[in-house]
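Summary of structural features
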Amino acid sequence: MDTLIVALFEILSFGAIVVLVVLGLGIIASMMGVFNFAQGEFVLLGAYVTYLAYSIGLPVALGMVAAPFVVGALGFVLEKLVVRRFYAAPIVAMLGTYALGLIIREVVRGLIGGLYLSVPEPIGGSFTIGPLHFAVWRCVIVILTMVVMAGSYALLAYTSFGLRIRASLENPSLARASGISSGAIYSITFAFGAALAGLAGALIVPVFSLFADLGIRFLIQGFVAVMVGGVGSFAGPVAGAGVIGTLSAALPWVMTPVIADVLVFVLAIIFVKFRPRGLISGRGV
């Protein structure tokens, strides 16, 4: 029973990380109709910014705060210079963002020399409940994910900016005719999605360490989660992240990690085959 509770806690903390990655990826996919294949590298950049702050003697927490802003700013610039040129051709946009991600990954690989670099947890230690021990930082990740999810939903559902986003998503032509600058909305939305990935990278680097291929796993899982959850709604990608994150964290407890990863993708493919629109699909955020 104790092992089961610990396993559930590990599953919950890993699922929270996947939710952060998928939330940004899902918002971009729903808003712009393209999958950002550089999202995994935005996770990597968030981890690198955190490490960079730590390496020059700044508090790790300060690096984590800076990471989403730095990565979001880079996402804003990349959307302006590169990504927006491909909206009319989603397949080309996927290839373009994949190329951007490849460039980012190799630049980071050169900067860190292909090493695995560690970053300490800002809040270390563990707490005990009866005979069980839980890592404090993993609890922080879960709590922060819940706060970010609630804040993102409130932003999209209850603010004038969220109203403009929903209008651009529902009917881009009518939104433009109403005076809404869809170009500016797209840039801010892409930056917001990138910032969420940067935050995810900052939070997980003490757990997974920093290495050049850090973002690849989360990109693949994020892509599968969005397909399973469905695009066009706020709840769809989150639901998909919950399913894929849970399976990815739970199955290695009962089988080898390689077989577990393969099984997750096989189950996802079967699900999408019979329900191509995902768990929750719609045109509203």
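The following paragraphs examine the structure supplied in this document. Just so it is clear, the structure is predicted and the values come from calculations on it, not from any experiment.

**Some remarks on the nonpolar core**
Of all hydrophobic cores here, the largest spans 79 residues; its most connected members are F42, V108, L203, L210, L214, F218 and I244. Of the residues forming this core, the biggest block, 14 residues, is contributed by helix α1 (residues 2-32). Apart from residues lying up to four places away in sequence, L203 is in contact with L20, M64, W137, I141 and L144.

**A word on the packing of helix α3 (residues 60-81) against helix α8 (residues 182-208)**
Close contact between α3 and α8 brings their axes to 7 Å; oriented N to C, the two are set at 145°. Note that α3 runs across α8; the crossing there is right-handed. Between α3 and α8, the contacting residues are M64, A67, P68, V71, G72, G75, F76, E79 and K80 on the first element and Y186, S187, I188, F190, A191, A194, A195, G198, L199, A202, L203 and P206 on the second.

**Remarks on the pattern of salt bridges**
Between side chains of opposite charge, a pair can form when the charged atoms approach closely. By the definition in use, this model includes 4 salt bridges. Overlapping salt bridges bring together E106, R109 and D213 as one network.

**Re the packing of helix α2 (residues 39-55) against α3**
Put simply, α2 and α3 touch, their axes get as near as 8 Å, and they point 135° apart. Regarding the angle of α2 to α3, the classification is oblique. When the axes of α2 and α3 are compared, the crossing they make is right-handed. Between α2, through F42, L45, G46, V49, T50, A53 and Y54, and α3, the contact on the second element is made entirely by V60, G63, M64, A66, A67, V70, V71, L74, G75 and L78. Its residues assigned to classes, the contact of α2 with α3 shows 13 nonpolar, 4 polar and no charged.

**A short note on helix α5 (residues 136-158)**
With 23 residues, α5 ought to run about 33 Å at 1.5 Å a step, and its terminal C-alpha atoms sit 32 Å apart, in line with that. Residues of α5 that are buried include every one of V136, W137, R138, C139, V140, I141, V142, T145, V148, S152 and L156, and no others.

**Side note on unusual backbone geometry**
Glycine aside, a negative phi is what most residues show, and trans is what most peptide bonds show. For S209, which is not glycine, the phi dihedral falls at a positive 70°. Structurally, the position occupied by S209 is in the loop between α8 and α9 (214-229).

**Re the packing of aromatic side chains**
When we look at a pair of aromatic rings, we describe it by the centre distance and by the angle of the planes. If you walk through the whole model with that rule in mind, you get 4 aromatic pairs. Considering the side-chain rings of Y116 and F211, the 4.7 Å spacing of their centres and the 20° angle between planes classify their relative orientation as stacked. A residue pair is termed long-range when its members are at least 10 positions apart, and Y116 in the loop between α4 (90-112) and β1 (126-129) and F211 in the loop between α8 and α9 qualify at 95 residues. Among the residues examined, F211 registers a relative accessible area of 18% and is labelled buried.

**Describing the side chain of Q39**
With respect to the helices, strands and loops of the structure, Q39 is situated in helix α2. Setting aside chain neighbours within four positions, we find Q39 in contact with V21, G24, L25, I28, G193, A197 and L219.

**Observations regarding the side chain of T50**
Among the secondary structure elements, T50 is positioned in helix α2. Apart from residues no more than four positions distant in its own chain, T50 is found in contact with V60, G63, M64, A67, V119, A202 and V205.

**Brief notes about α9**
For α9, with 16 residues, the first-to-last C-alpha span of 23 Å sits near the 22 Å given by 1.5 Å per residue. Taken together, the buried positions of α9 are L214, G215, F218, L219, Q221, G222, V224, A225, V226, V228 and G229.

**Structural notes on a nonpolar patch on the surface**
Together, V258, V262, V266, L267, I270 and F274 line one region of the surface with nonpolar side chains, adding up to about 590 Å² of accessible area. Along the chain, V258 falls in helix α11 (residues 257-274).

Conventions we followed
In this numbering scheme, every chain counts its residues from 1 along its sequence in written order. At least 70 in pLDDT is required for a residue's local features to be given in this predicted model, at least 80 for side-chain atom pairs to be given and counted, and no such filter applies to totals for whole chains, interfaces and linings, which use all residues. Just so you know, side-chain values use all the structure's heavy atoms and leave hydrogens and water out. Definition used in this section: a nonpolar core is a set of buried Ala, Val, Leu, Ile, Met, Phe, Trp, Tyr and Cys residues joined via side-chain atoms within 4.5 Å. Exposure classes here rest on a 1.4 Å probe applied to the protein chains alone. A residue is buried below 20% of its type maximum, exposed above 50%, and partly exposed in between. Secondary structure follows DSSP: runs of H or I at least 4 residues long count as helices, runs of E at least 2 residues long count as strands, and numbering of each begins at the N terminus. Only heavy atoms matter for contacts: two residues are in contact if any of them lie within 4.5 Å across the pair. Angles run from 0 to 180 degrees between N-to-C directions of axes, and those axes are lines fitted to C-alpha atoms, restricted for helices to the stretch in contact. If you view the pair so one helix is near and one far, a crossing is left-handed when the near helix is turned anticlockwise from the far one by less than a right angle, and right-handed when it is turned clockwise. One side-chain nitrogen of Lys or Arg within 4 Å of one carboxyl oxygen of Asp or Glu is enough to make a salt bridge. Roughly parallel refers to an angle under 35 degrees, roughly antiparallel to one over 145, roughly perpendicular to one between 65 and 115, and oblique to any angle outside these ranges. Note on residue classes: Ala, Val, Leu, Ile, Met, Phe, Trp, Tyr, Cys and Pro are nonpolar, Asp, Glu, Lys and Arg are charged, and everything else, Gly too, is polar. A helix is expected to span 1.5 Å for every residue after the first. Note on aromatic contacts: the rings of Phe and Tyr and the six-membered ring of Trp form a pair at centre separations within 6.5 Å, being stacked when their planes are under 30 degrees apart, edge-to-face when over 60 apart, and tilted otherwise. Within the patch definition used here, like charges are joined within 9 Å and nonpolar side chains (Val, Leu, Ile, Met, Phe, Trp, Tyr) within 5 Å, considering only residues with over 30% relative accessible area and no salt bridge. Residue exposure ignores everything except the shown protein chains as possible cover, and the areas themselves are Shrake-Rupley values with a 1.4 Å probe.

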